[in-house]
Amino acid sequence: MDVNKAQQSQLNILKFGKMSDAEILQRIQQNNARGEEIVQFIQRELPSLQHAAAQKQQQKLADEIRERNQQLKAELEYWMKKVTNLEILSGIKQYSLPSDKGDKISPPTQETKVPTQAPAKPAKENQVSEKPKAEQPAKESKKDQPAKETKKEKAPKAAKPEKQPADDGKEVNVSRLDLRIGRILNAKKHPDAESLYVEEIDVGEDKPRTVVSGLVKFVPLEEMQNRMVVVLCNLKPAKMRGVTSEAMVMCASTAEKVEILSPPEGSVPGDRVVCDEFPGEPDATLPPKKKIFEQVAPDLKTDGGCNATYKSSLLKVAGKGVVKSASLTNVQIK
């Protein structure tokens with residue numbers, strides 16, 4: 001095949017050598033005309049190509065702005081809820097905003113006291129200046145009595161939030177869990193348990209936490225070193241074969257296979273793992289008697305795309321992405 005091509009090229013050279021100067025000039029002019037047509041075509045199509053590229057860039061920017069707005073909205077709802085909870089704990093009464101039907105907000109108790117006390121002063125002046133009118137003091141005293149009764153009725157309502165314990169106002173959901181990104185600084189086998197690892201994990205605090213994990217049968221020791229993980233940090237510390245474990249490494253798990261959850265790219269130790277649909281502040285320490293984690297755990301699962309979820313809502317690091325498992329889908333996270 002290569003020999004045929006070489007022969008053909010030699011024939012072309014021989015033919016070109018036999019062409020007259022006029023034929024060569026005509027061939028050059030034809031080539032120049034084709035080149036000009038190509039240039040004109042590119043010039044005609046260039047604006048449309050530039051317009052399409054600009055539209056694509058504009059759409060990409062709009063998507064980024066929309067995603068950022070959603071993140072800001074979630075953060076705003078989180079802080080509004082936090083402020084509301086603090087006001088409730090401080091005894092500040094909460095009132096709902098007016099609805100579209102034009103319902104009025106019921107005034108606070110302090111404002112209702114002022115108008116009931118205001119007419120009391122002119123009532124005393126009338127008693128001194130107009131003594132012959134005996135009926136007026138009697139009517140005014142009757143007006144004062146209901147005002148005092150309303151004060152007695154409203155006082156217990158203002159005191160109710162203060163009597164409620166702080167824990168009663170918080171819903172049991174994934175926001176109660178202090179899930180953070182951590183980095184395993186080192187890992188080794190437990191000296192007294194063949195199935196346990198002992199890890200030192202940086203979770204963004206002054207010093208790393210000691211964590212005991214039953215992963216020896218599922219994850220090789222070399223894969224535990226310098227690895228990014230998701231850690232549950234507000235469990236009560238517990239001793240496991242003589243070593244105190246201060247947190248728990250979260251994994252997608254079946255009876256046959258266990259995979260450590262992978263944080264999104266760009267995560268750093270101390271980043272919080274949140275769920276936009278369930279904003280809130282985690283407990284400092286989960287109360288063991290309340291069984292908070294035991295109530296939340298059944299709804300922690302991976303979905304069909306290996307994404308970590310709570311009640312089908314994604315678990316993510318704000319602005320960085322979604323927590324995932326390597327390959328396990330629709331399984332429990334624990």
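Reading the values: rules and limits
- Residues numbered from 1 in each chain as written.
- Predicted model: local features only at pLDDT ≥ 70, side-chain atom pairs only at ≥ 80, totals over all residues.
- Heavy atoms only, no water.
- UniProt positions renumbered as here; feature names shortened; annotations may be inferred.
- Phe/Tyr/Trp six-rings, centres within 6.5 Å; stacked < 30°, edge-to-face > 60°.
- Buried < 20%, exposed > 50% of the residue type's maximum accessible area, 1.4 Å probe, protein only.
- Helix = DSSP H or I, 4+ residues; strand = E, 2+ residues; numbered from the N terminus.
- Core = buried A, V, L, I, M, F, W, Y, C linked by side-chain atoms within 4.5 Å.
- Contact = heavy atoms within 4.5 Å.
- Pairing = 2+ DSSP bridges.

The protein chain goes by tRNA-binding domain-containing protein in an unreviewed UniProt entry, where it is assigned to Oedothorax gibbosus. Taken directly from UniProt, the Subcellular location (unreviewed entry) text for the protein chain runs: "Cytoplasm".

(A) Main features of the packing of aromatic side chains. By the definition in use, this model includes two aromatic pairs. Judged by centre distance (4.9 Å) and plane angle (65°), the rings of Tyr 78 and Trp 79 are edge-to-face. Residue classification places Trp 79 among the partly exposed residues on the basis of a relative accessible area of 47%. Centroid distance Phe 278 to Tyr 310: 5.0 Å. Interplanar angle 80°. Geometry classified as edge-to-face.

(B) Focus on the environment of Lys 188. Mapping Lys 188 onto the fold places it in strand S1 (residues 179-189). Sequence separation between Lys 188 and Met 224 is 36 residues, and the spatial gap between their C-alpha atoms is 8.7 Å.

(C) Spotlight on the nonpolar core. Counting residues in each nonpolar core, the largest one holds 26 residues, and the members touching the most others are Val 174, Leu 177, Met 250 and Leu 300. Those elements that place two or more of their residues in this core are S1, strand S4 (228-232), helix H6 (292-296) and strand S11 (308-310). Contact partners of Val 174, with chain neighbours within four places excluded, come to Leu 179, Cys 275, Phe 278, Val 296, Leu 300, Tyr 310 and Leu 315. Of all hydrophobic cores here, the second largest spans 18 residues; its members include Val 219, Val 229, Cys 233 and Val 258.

(D) The pairing of S4, seen in detail. Burial within S4 is extensive, with five of its five residues counted as buried. Burial along S4 is two-sided: Met 228, Val 230 and Leu 232 facing one way and Val 229 and Val 231 facing the other are all buried. Examined bridge by bridge, S1 and S4 share five bridges and lie antiparallel to one another. Bridge pairing in S4 places Ile 181 opposite Val 230. The pairing of S4 with strand S7 (residues 248-249) spans two bridges and is classified as antiparallel. Bridge pairing links Leu 232 to Met 248 in S7.

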